[in-house]
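This is what each chain is made of:
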Amino acid sequence: MLRAAPFLAVILLAGPIIAGLVGVLLPALGYMPALGGTAFGTAAWSDLWAEPGIGRSVLVSLLSGLITTAVALGIVLLFLAGSGGTRLYRWIVRATSPLLAVPHAATAFGLAFLIAPSGLLARLLSPWATGWERPADLLIVHDPWGIAMMAGLIVKEVPFLLLMSLAALPQLDAARRLAVARGLGYRPLTAWLKTVAPGLYPLIRLPVYAVIAYASSTVDVALILGPTNPPTLSVAVLRWFQAPELAMRFEASAGAVLQLGVTLTALGLWRLGEVVVTAVATGWLTRGGRGTCDAPLAVLGGGAIALATASAFLGIGGLTLASMAGLWRFPDALPASLTTEHWRGALPTIGGPLVQSLTIGTIATAVALAVVLAVLENEVRTGRAVGRAALRLLYLPLIVPQAAFLFGLAIAAEAAGARPGFWPVTAGHVVFVLPYVYLSLSEAYRRLDPRWTMAARTLGATPRRAFWQVRLPLLLAPCLTAVAVGLAVSVGQYLPTLLLGAGRVTTVTTEAVALASGGDRRIVGVWVLVQALLPAIGFAVALIVPRLAWRNRRGLRGSQE
Amino acid sequence: MKRTAFFFPRPKWGEGVKAWASVVVAVVLSLWTSVATADPDPRDWNGVLAEARGQTVYWNAWAGDPRINEYIAWAGREAQARFGVTVVHVKLADTAEAVSRVVAEKAAGRTAGGGVDLIWINGENFASMKRNGLLFGPWAESLPHFPLTDPEGNRGVREDFTVPVAGLEAPWAKAQIVFYHDAAETKDPPRTIPDLLAWARAHPGRFAYPLPPNFLGSTFLKQALIALSGGNELLYRPAGDEFAAVTAPLWDYLDALHPYLWRTGRAFPANGTELRRLLADREIDIGFSFNPAEATSAIARRELPESVRTYVLTGGTIGNVSFLGIPYNAAHKAGAMVLADFLLSPEAQARKQDPAIWGSATVLAMAKLAPEDRARFAGIALGPATLPPEELGAPIPEPHPSWMERLEAAWAKRYTAR
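Reading the values: the criteria
- Residues numbered from 1 in each chain as written.
- Chains lettered and ligands numbered in written order.
- Predicted model: local features only at pLDDT ≥ 70, side-chain atom pairs only at ≥ 80, totals over all residues.
- Helix = DSSP H or I, 4+ residues; strand = E, 2+ residues; numbered from the N terminus.
- Rg over C-alpha atoms; globule rule 2.2 N^0.38 Å.
- Buried ≥ 20, exposed ≤ 12 C-beta atoms within 10 Å, placed from the backbone.
- Contact = placed C-beta atoms within 7 Å.
- Pairing = 2+ DSSP bridges.
- Axes fitted to C-alpha atoms, helices over the stretch in contact; angles between N-to-C directions.
- Nonpolar A, V, L, I, M, F, W, Y, C, P; charged D, E, K, R; others polar.
- Domains from an automatic or database assignment.
- Parallel < 35°, antiparallel > 145°, perpendicular 65-115°, else oblique.
- Left-handed = near helix turned anticlockwise from the far one by under 90°.
- Core = buried A, V, L, I, M, F, W, Y, C linked by C-beta atoms within 7 Å.
- pLDDT = per-residue confidence, 0-100.

Draft legend 1. Inspection of the overall build of chain A at higher detail. Counting its secondary structure elements, chain A contains 25 helices and 0 strands. Computed over the C-alpha atoms, the radius of gyration of chain A is 25 Å, within 12% of the 24 Å expected from 2.2 N^0.38 for a compact globule of 561 residues. The buried share of chain A, taken over its 561 residues, is 52%. The contacts of chain A with a sequence gap of at least 6 include a subset with a gap of at least 24, amounting to 80%.

Draft legend 2. Spotlight on the overall build of chain B. A tally of helices and strands in chain B yields 15 helices and 10 strands. Taken over C-alpha atoms, the radius of gyration comes to 24 Å for chain B, in line with the 22 Å a tight globule of 418 residues would show. Dimensions of chain B along its principal axes, counting C-alpha atoms only, are 85 × 60 × 40 Å. Taken over 418 residues, chain B has a buried fraction of 51%. Across chain B, the fraction of contacts at a sequence separation of at least 24, relative to all contacts at a separation of at least 6, is 81%.

Draft legend 3. Summary view of the sheet that holds strand S3 (residues 118-121) of chain B. All names here are of chain B. Spatial ordering of the open sheet is given by S2-S1-S3-S10-S6, a layout of 5 strands whose pairing is mixed. Edge strands, defined here as strands with exactly one partner in the open sheet, are strand S2 (86-92) and strand S6 (169-176). On average, each strand axis in the sheet is tilted by 20° relative to the strand beside it, whichever way the strands run. Bridging between S6 and strand S10 (residues 319-325) involves 7 bridges; their strand directions are antiparallel. Paired with Lys174 across the strands is Val321, a residue of S10.

Draft legend 4. Representation of the environment of Leu373 of chain A. All names here are of chain A. Relative to the helices and strands, Leu373 resides in helix H16 (residues 341-382). Taking the number of C-beta atoms within 10 Å as the measure of exposure, Leu373 has 22 and is therefore buried. With 292 residues separating them along the chain, Leu373 and Ala81 place their C-alpha atoms 35 Å apart.

Draft legend 5. Just the interface of chain B and chain A, in detail. Between chain B and chain A, the contact holds 53 residues from the first and 48 residues from the second. Of all elements in the fold, only helix H3 (66-83), S2, helix H4 (96-107), helix H5 (123-131), helix H9 (272-280) and helix H15 (401-415) of chain B reach the threshold of two or more residues within the side of chain B that touches chain A. The greatest single-element share of the side of chain B that touches chain A, amounting to 8 residues, is contributed by H4 of chain B. Each residue belonging to the side of chain B that touches chain A can be placed in one class, and the counts come to 26 nonpolar, 11 polar and 16 charged.

Draft legend 6. Highlighting the domain arrangement of chain B. Residue and element names in this part refer to chain B. For chain B, the domain assignment lists domain 1 (45-174 + 321-386) and domain 2 (178-317 + 397-415). With 18 residues of domain 1 at the contact, the number on the domain 2 side is 22 residues. In terms of residue class, the side of domain 1 that touches domain 2 is made up of 8 nonpolar, 7 polar and 3 charged.

Draft legend 7. Representation of the packing of helix H2 (residues 45-52) of chain B against helix H11 (residues 333-343) of chain B. Residue and element names in this part refer to chain B. In the contact formed by H2 and H11, the axes pass within 8 Å of each other and the chain directions differ by 110°. The orientation of H2 relative to H11 falls into the category roughly perpendicular. Between H2 and H11 the crossing geometry is left-handed. On the side of H2, the interface is formed by Val48, Leu49, Glu51 and Ala52, while H11 contributes Ala334, Gly335, Met337 and Val338.

Draft legend 8. Molecular detail of the nonpolar core. Ranked by internal contacts, the top residues of the largest apolar core, which has 294 residues, are Leu161, Val372, Leu434 and Val437 of chain A together with Leu339 of chain B. Among the elements that take part in this core, helix H19 (residues 422-447) of chain A stands out by supplying 13 residues, more than any other. Look past the residues within four positions of Val372 of chain A in its chain and what remains in contact with it is Leu434, Val437, Tyr438 and Leu441 of chain A.

Draft legend 9. Structural detail: the environment of Glu105 of chain B. Residues and elements named next belong to chain B. Secondary-structure assignment places Glu105 in helix H4. Assessed through the 24 C-beta atoms surrounding it within 10 Å, Glu105 is described here as buried. Residues Glu105 and Thr162, 57 residues apart in the sequence, show an inter-C-alpha distance of 28 Å. If sequence neighbours within four positions are ignored, Glu105 has contacts with Arg110, Gly114, Gly115 and Asn329.

Draft legend 10. Inspection of the packing of helix H11 (residues 205-217) of chain A against helix H14 (residues 248-286) of chain A at higher detail. Residues and elements named next belong to chain A. Contact pair H11 / H14: the axes reach a minimum separation of 9 Å and the direction vectors enclose 140°. Taken together, the axes of H11 and H14 are oblique relative to one another. Between H11 and H14 lies a crossing of right-handed hand. Of the residues in H14, those in contact with Tyr209, Ile212, Ala213, Ser216 and Ser217 of H11 are Gln259, Val262, Thr263, Ala266, Leu267 and Trp270. Among the residues forming the contact of H11 with H14, the class breakdown is 7 nonpolar, 4 polar and no charged.

Draft legend 11. Highlighting the sheet that holds strand S8 (residues 286-289) of chain B. All names here are of chain B. With respect to topology, 3 strands assemble into an open sheet ordered S8-S7-S9, the strand pairing being antiparallel. Lying at the two open borders of the sheet, with one neighbouring strand each, are S8 and strand S9 (308-311). Each adjacent strand pair in this sheet contributes to an overall mean axis angle of 30°, direction not counted. Inspection of the sheet shows strand S7 (residues 178-182) paired to S8 by 4 bridges, in the antiparallel sense. Paired with His181 across the bridge in S8 is Ile286.

Draft legend 12. Spatial organisation of H11 of chain B. Of all 11 residues in H11 of chain B, 10 are buried; the element is thus mostly enclosed. For H11 of chain B, the set of buried residues is Lys333, Ala334, Gly335, Ala336, Met337, Val338, Leu339, Ala340, Asp341 and Leu343 of chain B.

Draft legend 13. Expanded view of the confidence of the model for chain B. Residues and elements named next belong to chain B. Per-residue confidence for chain B gives a mean pLDDT of 87; residues scoring 70 or more make up 91%. Looking over chain B, one finds the lowest element-wise mean pLDDT in helix H1 (residues 15-36), namely 44, and the highest in H11, namely 97. Low confidence marks residues 1-36, where pLDDT is under 50. Its contacts with residues over four positions away, or in another chain, come to 23 contacts. Overall fold confidence for the complex sits at a pTM of 0.86, while the interface term, ipTM, reaches 0.85.

Draft legend 14. Looking closely at the environment of Val157 of chain B. All names here are of chain B. Examined against the element boundaries, Val157 turns out to sit in the loop between H5 and strand S4 (159-160). Sequence-wise, Val157 and Pro171 are 14 residues apart; in three dimensions their C-alpha atoms are separated by 5.8 Å. Not counting residues up to four positions away in its chain, the partners in contact with Val157 are Thr149, Pro151, Pro171, Val321 and Val363.

Draft legend 15. Expanded view of helix H13 (residues 233-241) of chain A. Residue and element names in this part refer to chain A. Counting buried residues along H13, 8 of its 9 residues qualify, which places the element largely inside the surrounding structure. Listed in full, the buried residues belonging to H13 are Leu233, Ser234, Val235, Ala236, Val237, Leu238, Trp240 and Phe241. In this fold, the buried residues of H13 make contact with helix H3 (54-83), H11, helix H12 (220-225), H14 and helix H18 (402-415).

Draft legend 16. Focus on unusual backbone geometry. Residue Pro138 of chain B is reached from Gly137 of chain B by a cis peptide bond, and omega for that bond is 10°. Note on placement: Pro138 of chain B falls in the loop between H5 and S4. Here the amide bond leading from Pro212 of chain B into Pro213 of chain B is cis, since omega sits at 10°, within 30 degrees of zero. Looking at the secondary structure, you find Pro213 of chain B in the loop between helix H6 (193-202) and helix H7 (215-228). The phi torsion at His142 of chain A lies on the positive side, around 65°, for a residue other than glycine. Along the chain, the position of His142 of chain A falls in the loop between helix H6 (120-125) and helix H7 (147-168). Residue classification places His142 of chain A among the buried positions, given that 26 C-beta atoms sit within 10 Å. Unlike most non-glycine residues, Ala166 of chain B shows phi in positive territory, near 55°. Looking at the secondary structure, you find Ala166 of chain B in the loop between strand S5 (163-164) and S6.

Draft legend 17. Focus on the confidence of the model for chain A. Of the residues in chain A, 97% reach a pLDDT of 70 or more, and the chain-wide mean stands at 88. The spread of mean pLDDT over the elements of chain A runs between helix H17 (residues 388-399) of chain A, the lowest at 77, and H3 of chain A, the highest at 96.

Right under this line is the structure:
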């Protein structure tokens, strides 16, 4: 039973993705018997190329994938290199986990309100500094090249890459590498970049690829901050997929395949960039330069990460204020009056989606946790680590763009007669929750001292009993953290919920994004806060429960005090 | 019933087993479909009421405005309490999504037990569903409250964008384009389409329209087209070869207008609610809406300042009726009909018309109402920024839906950045 666990995990992850890709590939080639397409052909593709603005859509998606990732990675590396040990470092590290838990959409709303010409920053600075009595007609949010969208993605991807780096750093023995380099007279930032960064990058390469894939194919962030005419490729595909004309399904499928191509191209270009950087950097690494512009680079890294973190918090803070605002006209820095009416008005309608979000998240996370525990326990018992190939497979749902295979999955489900609704959505969430649960649990699981199990076995416990009574209790804290991560991932899912639920499954995220396409900012604020707070509950539980359960077992309380 | 499962290989059964299995399947299917497709008879209203009890109606309705959502939630609670019908509001960003779902179900062979029970619909979505035989009915004229709309005296409830309704959808709401502005800031707003261009030149960046094919954005195109083509009668017939000639003045107009739009026409608001928010944020000076009470209710919610006022264009603005349709394969037709009839009741219609709730005009004819029902409407305060009917004027009827589809396609070709 346990031996089947790795296969089960692979089927759970790869199955939907393969079905989804086939589900768009066949219609993209003209084959979809249900719609009368029985002959293969390229009509869908010529329709796709004839679509106004398709070239621009592709280009913006591609650029977003590359620029977002390059900037976010640059900020993280410069910050780690230049700010280690400072007070800023401790603050940022502490702010990272909560920021990571906030769904993409919530961060994007916050940023939209922060930077718009009539947004919070402009209100704070007007009219005394800017001279604006009216919002300036500046194309900041929804700009045609997606700069605001990339900024929103960077704000969200920086904490992700930072956390992945922090998790990988202990394997590198960074302190000693640094000490040696410093002893040879390298300046601190240069020392880090030359000795630690080359070791770190391979360890965070997959997360970096995940960022490229996400940034080149996001739907919810693009809807909130992205260009409108034409939109990004992913949003365009969504529109075609929802068009009432049947024939559009073929074109939408071709668009989804194109999206896969765009993401793969972005990944390929990035890989090319890796080769170029390696070639160029070898000289720089070995030339022996001790560093000349350390201080400005350190300030740049620290400043950029502080800016990104501050905008995320300020944006959410601004929306909090908006959710309690009466009339709040430009350029007033504060609302003319405060009121609870938006909260009172929204509360009766929040309950349903909130329960829905929690139920889907709980079931999806429970399934994912069970599978991951089985995979890890199997690994520990058989002593065989999951191979590198299998590990790559775990990243599949993070690297294959949602916009590429979810449409196909919905088409495949329709063709197989499965009704869209709660269970398909929950199953879809498992695909995205499982990798994150695995990533957040595997290290702790493998690092647990095997002698605990050995001691239990020596005392006559069966392997099963050793697992339930020794390993699992010992791992309560990391398991709960993994659950919190899984819950946060599930709560933030937009496209899987929308497509696999056919709109009948409403969660706080689908609700918030639906309202946000224009809507009253004060009500959007209410929803965004609920959406941002939901994952926080999970993390609070993960923090508190081990402390209560292990009042008398200090070593088991998880995070160090 | 054709179900294609082209992703899964069929098991290789022996011929005999296969034959038996197909007989069993056929029998089960015929039993099942005969039960499932026994549609309720709208003329037997008591039968409909009895069948509806206990049903859950999936009502697909545009959900971009919280007030509408609250009204729908209220209607759901009432339907539950009075008729035992549970209502689930499937929230749409665009009605086309629901049409797409019905189409997908038809393609997948689900001709009964479909997931969409009731759609808030009109215009090109109705035309396309009717053309493709995707609507159940006729049923609408059998609703007990239907005679209150005065169908003999009111063409609007029997024609949807010039397409005959034929009882396939029940009237629900009346809409008419109105413009609104903050009278404290904009003293003399433009009252014709040509004046709007002159005004925009003088006030660059202070006017916007939603991105077509959003229905409000497309309606702006139609409004401009009607004004610029002098109300050409061709607009009320299916669009043909004359499209280019008739629309030429519109493209000239838009070419001139776009450089003076909000964000110089390089970004467009997504919909009417975003337009309202832009006015609230003082980014633009003139907004427009399909709901004549939009400004009043926004003032009541302190979203817009009290100095906002509504006006219509000289020569009138486009108006239409929106309806409720039931897909041919809906699982809960009886429940959907009961809900549609409740929504047509004077009580529900009066509540809908109250600007404090929603402010959407009723489709009922006052002359057909009993005195106590008429009093429900007479008691509604218009509010500071709603025009009385005589100032609102008679609506300009909607052109044939084919014009809207071609306008949207031509607009996208012309104005999408490359």
